[in-house]
Amino acid sequence: MAEPYPDIKSKHSLVAKYVTKPLWDKLNCAITKTSGFTLAKAIACAAEFDNQHCGIYAGDWDSYKDFAIVFDPLIQEYHGISADARHTSDMDASKVNGNINPEVPVHSTRIRVGRNIDGFGLSPGITKQQRIDIEKLMSSALSKLSGDLAGTYYPLTGMDEAVRQKLVDDHFLFMSGDRNLQVAGMERDWPEGRGIFHNEAKTFLLWVNEEDQTRIISMEKGGDVKGVFERLARGIKAVGDSVKAESGKDFALDERYGYIHSCPTNLGTGMRASVHVDLPGWTKEGVDKLKARCEELAVQPRGTRGESGGQTGFTYDISNKHRLGYSEVQLVQVMIDGVNTLYKEDLELQKKHGL
């Protein structure tokens, strides 16, 4: 049954630009094979909210193929890639040159990626049964990790209050209630089929069935970015090998778009490598100037209270800006070099402002 062309509230979004009426008329009856996803479901956020920049999600790997006439130009514009670009992954930590310099006041380092298993829906489209199957598969695969990666999987369903509070205190727990994720269909059947894994040292974490089937995170105090990246690479390989042994399936990897994610902004590496660092000189100079400088260095500054949080004093979260069209090694390198440069300049600015 054909649906009428929706009223897209995010007028300046990429969805408003690329989901034109002729394309809508052509695609709105199409239903993907893996999870029965539709274009209407894909653009729900752009239709519902007026603040979306991108505004579209994929419900399965098929979405990127079946709705390619919308996704392709949108992805090319967002990531600044050409129509014939190919993505290359490289997780070899030994290729990273140097590290964050020891004198840089870095509080902590965190690197995350998303991974999704081929043949199951992505969060916005995944069926109830597929979500349960993913959790079962991941729970079993994670139980086989060894050495410093070994740990415990905590399902959200039936979670003990003491365990829940501990995970909240450690800032590990992901919550329901995000309006974007709800409208995109990612909180259906909450909290069933979702959970958190972490190793003994709390330096290797996995979120199951949040925005992606898995979010894999490596983190620790201090600024050993190379060490954190090395653990992440080892962890991803161990989890991937375990999933493969268990199910015969691989992580969904596209030769053009790299690792498949539910949000097209995460395509490619799906990687955000970040540190929390003190930059009092830049703070005095002005946040706008810091933003402009970060843009030149291909990194992004954020307040340290999460994505849209405010600024707390002079500690910033600095991360790689790009996801697709660069390898993981390149992005980690850019972040390390960017932070070292910002701190060197910060010392000059501290002098200038008499701090």
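Here's what I pulled together on the structure shown here. (Residues numbered from 1 in each chain as written. Predicted model: local features only at pLDDT ≥ 70, side-chain atom pairs only at ≥ 80, totals over all residues. Heavy atoms only, no water.)

Looking only at helices and strands, the chain has 13 helices and 10 strands in total. Here the C-alpha radius of gyration of the chain, 21 Å, is about what a compact globule of 355 residues would show, namely 20 Å. Relative to its full complement of 355 residues, the chain shows a buried share of 54%. Total accessible area on the chain stands at roughly 15,700 Å², and carbon and sulfur atoms take up 51% of it. In the chain, the 44 positive side-chain charges and the 50 negative ones have mean positions that sit 1 Å from each other. (Helix = DSSP H or I, 4+ residues; strand = E, 2+ residues; numbered from the N terminus. Rg over C-alpha atoms; globule rule 2.2 N^0.38 Å. Buried < 20%, exposed > 50% of the residue type's maximum accessible area, 1.4 Å probe, protein only. Areas by Shrake-Rupley, 256 points an atom, 1.4 Å probe, with all protein chains shown as cover. Lys, Arg positive; Asp, Glu negative; His and termini not counted. Charge placed at Lys NZ, Arg CZ, Asp CG, Glu CD.)

Turning to the environment of Y5, a few remarks are in order. Tracing the backbone shows Y5 in the segment before α1 (14-18). For the pair Y5 and V168, spaced 163 residues apart in sequence, the C-alpha separation works out to 42 Å. Sequence-distant contacts of Y5, defined by excluding residues within four places in its chain, comprise V19, T20, K21 and W24. Within the structure, the side chain of Y5 is placed 2.7 Å from the backbone oxygen of V19, a separation counted as a polar contact. (Contact = heavy atoms within 4.5 Å. Polar contact = N/O pair within 3.5 Å; in protein donor to acceptor, adjacent residues only side chain to side chain.)

This brings us to the nonpolar core. Grouped together as the largest cluster of nonpolar side chains are 55 residues, with contacts concentrated most on I111, M138, L206, F229, V239, I318 and V332. Elements with a minimum of two residues in this core: β1 (106-115), α7 (128-142), β4 (204-208), α10 (225-247), β8 (272-278), α12 (287-296), β10 (315-320) and α13 (328-352). The element best represented in this core is α13, accounting for 9 residues. The next biggest cluster of nonpolar side chains, apart from the first, holds 30 residues, and it includes L23, W24, A42 and Y257. (Core = buried A, V, L, I, M, F, W, Y, C linked by side-chain atoms within 4.5 Å.)

The next subject is the packing of α12 against α13. Contact pair α12 / α13: the axes reach a minimum separation of 11 Å and the direction vectors enclose 140°. The chirality of how α12 crosses α13 is right-handed. Residues L290, R293 and C294 of α12 lie in contact with α13, whose contacting residues are T341, L342 and E345. (Axes fitted to C-alpha atoms, helices over the stretch in contact; angles between N-to-C directions. Left-handed = near helix turned anticlockwise from the far one by under 90°.)

Here we take up the pattern of salt bridges. The final tally for this structure, using the stated rule, is 27 salt bridges. Notably, a salt bridge pairs E230 with R234, separated by 2.9 Å at the nearest N-O pair. One end of the pair is E230 and the other is R234, both in helix α10 and 4 residues apart, which spans about a single turn. Overall, E230 belongs to the partly exposed group, its relative accessible area being 34%. Across the pair R293 and E296 runs a salt bridge, and its minimum N-O distance is 2.8 Å. (Salt bridge = Lys/Arg side-chain N within 4 Å of Asp/Glu carboxyl O.)

Between W190 and the following residue, P191, the backbone shows a cis peptide bond with an omega angle of 0°. Residue position: P191 is located in the loop between α9 (179-183) and β3 (195-199). One non-glycine residue, D189, adopts positive backbone phi at about 55°. Mapped onto the fold, D189 is located in the loop between α9 and β3. For D189, a relative accessible area of 32% puts it in the partly exposed group. The phi dihedral of A298 is positive, around 60°, even though this residue is not glycine. Following the sequence through the fold, A298 ends up in the loop between α12 and β9 (299-303). Taking relative accessible area as the criterion, A298 reaches 16% and is therefore assigned buried.

A word on the sheet that holds strand β2 (residues 151-155). The antiparallel open sheet is built from 8 strands, whose spatial order is β2-β3-β4-β5-β1-β8-β10-β9. Every other strand in the sheet has two partners, leaving β2 and β9 as the edge strands with one partner each. Ignoring strand direction, the axes of neighbouring strands in this sheet form an average angle of 20°. In this sheet, strand β5 (residues 214-221) lies alongside β4 in antiparallel orientation, the contact comprising 5 bridges. What sits directly across from L206, in β5, is I216. Strands β1, β8, β9 and β10 of the sheet are contacted by α13, whose axis makes an angle of about 10° with β8. (Pairing = 2+ DSSP bridges.)

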